[in-house]
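# Summary of the model geometry
So the chains spell out like this:
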Amino acid sequence: MTDKNTSSPAHTPAGALSPSGSNGTQPQSYDKKYYAFLVFYLVLLSALGSFVNDMYTPALPAMCRFFGCSVPLAQMGLTTGMIGLGVGQMLLGPISDRYGRKPVLVGSVIVFIIAAIASLFSPSIHIFNTCRFFQGIGASGGYFLARTIPADLYRGRLLAKLMALIGAINGIAPASAPVIGGVTADAFGWKGIFIVLAIFAAAILAIAPALREPLPVSRRTTGAWWKSLPGYIILIKNRAFMIHVCFKGTALGLLFAYISTAPFILQTHYGLSQTVFGLVIGFNALFVAAGSMLALKFNPLKKAATCGSFIMLAGVILQAIALYCIHSIWIFEAFMVIILFGLGLIFSTTNTLAMNEGRDRAGEASSLLGTAGYVVGSIASPLVGIGNILHSTAIVFIVLTALVMICCHGSKKIAPDLMK
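Quick caveat: nothing in here was measured; it's all calculated off a predicted structure.

### Details of the overall build of the protein chain
- A tally of helices and strands in the protein chain yields 15 helices and 2 strands.
- Considering the protein chain as a whole, with its 420 residues, one finds that 61% of them fall into the buried category.
- Pairs at least 24 residues apart make up 83% of the contacts formed inside the protein chain by residues separated by at least 6 positions.
- For the protein chain, the exposed area adds up to about 15800 Å²; of that, 72% sits on carbon and sulfur atoms.

What follows is the structure, given as structure tokens:
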């Protein structure tokens, strides 16, 4: 049975999948022109997940003043957004496996637009943080589909190349989001940021009709969607998959801890404006993209994650010492880019290895992979604001790095990397 959105098959390189999921052929609808569009659109989907947090971080100190709330309470907006991203992925993964990717995409983006507009009228920080939860749910659709759709179409090295390409190009998102957010906040206040986010999501929605459904009917789950939830248990029992999920999750948690603490260290402690802060964070994000792209040079691929872990470890140790003993923005920045480069190597590799292991349940696998990072990040984000923010940041960084190194060791113990 063939999806009505596909045409007759044409020969493609090994690693591309036909609608039935077999190796060797691929629909003509996925030609070079459509491939370019696919990369572009997946970058937009993934960017929405980045923008939902990165764009408004420059405004966190200003929002503390606007709502008259404490730093940890303002940072809870990051936490509730991450919880929404996690919950949304867990629910939408099985739904997309049952009904297809496009209906989930369209519905989730609509939820995001509504929640972004509602946040503009928040009378208190508590209402705002609640809106952030629904923004997270809305953004989760595009965020996990940016990983799921490539796994629907490719495997092995082709999957690695597509995901690394998307990850590298999407480095522009975390690089540009704080810049856009900082400039927008300086010009129009924090509410302007959420107007821009709503417009961006509306643009994604407008382009959606050009995306062809990547999951043919023949490969969808049958029956009620909630009956596929036990599929998570099958994935959780997959040791190789879960090791890479935990590996990615703890590393992503460290990135979220940095995103949460950076506005208060760079703006409140070192006195940068919202615009300059955005430029600095954008510059730093380029190192994540560089690490993500460089990962493809490693053979076997798994070595990139190991190398990235030790680079990150060195950077965190030096950063922790500097946060306690050396108060210099230049030192903080120098060690931060080392950490972020190591994280980029980890992200690209663990994303690909995990999705390659869980490709038979791609929607649920992508959901678990994304949720793991948001679980860790939602816990870590408010912790960096407790007490002396420099000291609490150093402690959180060290704890998360220890967890990353444990997962790195576990990754080396499992079966050899097959993605050479």
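### Thoughts on the pattern of salt bridges
- One pass over the structure, following the stated rule, counts 2 salt bridges.
- Among the salt bridges present, the one from Asp97 reaches Arg101, with a minimum N-O distance of 2.7 Å.
- Under the relative-accessibility criterion, Asp97 is labelled buried at 6%.
- Across the salt bridge formed by Asp152 and Arg101, the nearest N and O atoms sit 2.8 Å from each other. Placement of the pair is Asp152 in helix H5 (residues 125-153) and Arg101 in helix H4 (residues 101-119), with a sequence separation of 51 residues.

### Description of the packing of helix H1 (residues 32-54) against helix H8 (residues 190-207)
- Packing of H1 against H8 brings their axes to within 11 Å, and their N-to-C directions diverge by 155 degrees. In terms of their interaxial angle, H1 and H8 are classed as roughly antiparallel. Along this stretch, H1 crosses H8, giving a crossing that reads as left-handed. Seen from H1, the contacting residues are Phe37, Phe40, Tyr41, Leu44, Leu45, Ala47, Leu48, Phe51 and Val52; seen from H8, they are Leu197, Phe200, Ala201, Ile204 and Ile207.

### A look at the packing of aromatic side chains
- Inspection of the entire model under this criterion finds 14 aromatic pairs.
- Taking 6.1 Å as the distance between ring centres and 80 degrees as the angle between the ring planes, the aromatic pair formed by Trp190 and Phe194 counts as edge-to-face. Here Trp190 pairs with Phe194, and both are found in helix H8, just 4 residues apart, close to one helical turn.
- Taken together, a centroid distance of 5.4 Å and an interplanar angle of 75 degrees make the contact between Phe283 and Phe287 edge-to-face. In this pair, Phe283 and Phe287 both sit in helix H11 (residues 274-294), 4 residues apart, roughly one turn of the helix.
- The exposure class assigned to Phe283 is partly exposed, which follows from its relative accessible area of 46%.
- Residue classification places Phe287 among the partly exposed residues on the basis of a relative accessible area of 26%.
- Here a set of aromatic residues connected by ring pairs shows up, and it is made of Tyr56, Phe66, Phe67, Phe128, Trp190 and Phe194.
- Just above the ring of Tyr99 sits the side chain of Arg98; from NZ or CZ to the centre is 4.9 Å.
- Across from the ring centre of Tyr34, 4.6 Å away, lies the NZ or CZ of Arg212, which sits over that ring.

### Overview of helix H3 (residues 71-99)
- Given a rise of 1.5 Å per residue, 29 residues ought to cover 42 Å, and the 42 Å separating the end C-alpha atoms of H3 matches this to within 8%.
- Bending of H3 peaks at approximately 30 degrees at the position of Leu92, with proline Pro94 no more than four residues after it.
- Gly100 occupies a position one or two residues after H3 and carries a positive phi of about 105 degrees.

### Topic: the confidence of the model for the protein chain
- Overall, the prediction assigns the protein chain a mean pLDDT of 81, with 86% of residues at 70 or greater.
- The low-confidence segment residues 1-14, where pLDDT is below 50, has 30 contacts with residues more than four positions distant or belonging to other chains.
- Confidence over residues 18-29 falls short of pLDDT 50; this stretch has 44 contacts with residues more than four positions distant or in other chains.

### Digging into helix H10 (residues 239-269)
- The terminal C-alpha atoms of H10, which comprises 31 residues, lie 43 Å apart, in line with the 45 Å expected from a rise of 1.5 Å per residue.
- The largest bend in H10 is about 40 degrees, located at Thr261, with the proline Pro263 one to four residues further on.
- Where H10 starts, the residue carrying a side-chain oxygen 3.3 Å from the main-chain nitrogen of Ala240 turns out to be Asn238.
- After H10 finishes, the residue Gly271 shows a positive phi value of roughly 80 degrees.

### Let's talk about the nonpolar core
- Counting 114 residues, the largest nonpolar core has Tyr41, Tyr258 and Leu343 as its most contacted members.
- Counting residues per element, this core draws most heavily on H10, at 16 residues.
- In contact with Leu343, not counting residues within four places along its chain, are Ala251, Leu254, Leu255 and Met312.

### Comments concerning the state of the cysteines
- Counted under the stated rule, the structure contains 0 disulfides.
- Unpaired in this structure, Cys246 has its nearest cysteine sulfur neighbour in Cys407, at a distance of 5.2 Å.

### Some details on a nonpolar patch on the surface
- On the surface, a nonpolar cluster with roughly 470 Å² of combined accessible area is contributed by Tyr324, Ile395, Val399, Leu403 and Ile406.
- Within the secondary structure, Val399 sits in helix H15 (residues 389-413).
- Overall, Val399 belongs to the partly exposed group, its relative accessible area being 47%.

### Some points on the side chain of Thr57
- With respect to the helices, strands and loops of the structure, Thr57 is situated in the loop between H1 and helix H2 (60-67).
- For Thr57, a relative accessible area of 2% gives the class buried.
- Those residues in contact with Thr57, other than ones at most four positions away along the chain, are Leu78, Ile259, Pro263, Gln267 and Phe277.

Rules behind the numbers
Residues numbered from 1 in each chain as written. Predicted model: local features only at pLDDT ≥ 70, side-chain atom pairs only at ≥ 80, totals over all residues. Heavy atoms only, no water. Helix = DSSP H or I, 4+ residues; strand = E, 2+ residues; numbered from the N terminus. Buried < 20%, exposed > 50% of the residue type's maximum accessible area, 1.4 Å probe, protein only. Contact = heavy atoms within 4.5 Å. Areas by Shrake-Rupley, 256 points an atom, 1.4 Å probe, with all protein chains shown as cover. Salt bridge = Lys/Arg side-chain N within 4 Å of Asp/Glu carboxyl O. Axes fitted to C-alpha atoms, helices over the stretch in contact; angles between N-to-C directions. Parallel < 35°, antiparallel > 145°, perpendicular 65-115°, else oblique. Left-handed = near helix turned anticlockwise from the far one by under 90°. Phe/Tyr/Trp six-rings, centres within 6.5 Å; stacked < 30°, edge-to-face > 60°. Lys NZ or Arg CZ within 6 Å of the ring centre and 35° of its normal. Expected span 1.5 Å × (residues − 1). Bend = angle between axes of the 7 residues up to and from the residue. pLDDT = per-residue confidence, 0-100. Polar contact = N/O pair within 3.5 Å; in protein donor to acceptor, adjacent residues only side chain to side chain. Core = buried A, V, L, I, M, F, W, Y, C linked by side-chain atoms within 4.5 Å. Disulfide = S-S within 2.5 Å. Patch = residues over 30% accessible without salt bridge, like charges linked within 9 Å, V, L, I, M, F, W, Y side chains within 5 Å.

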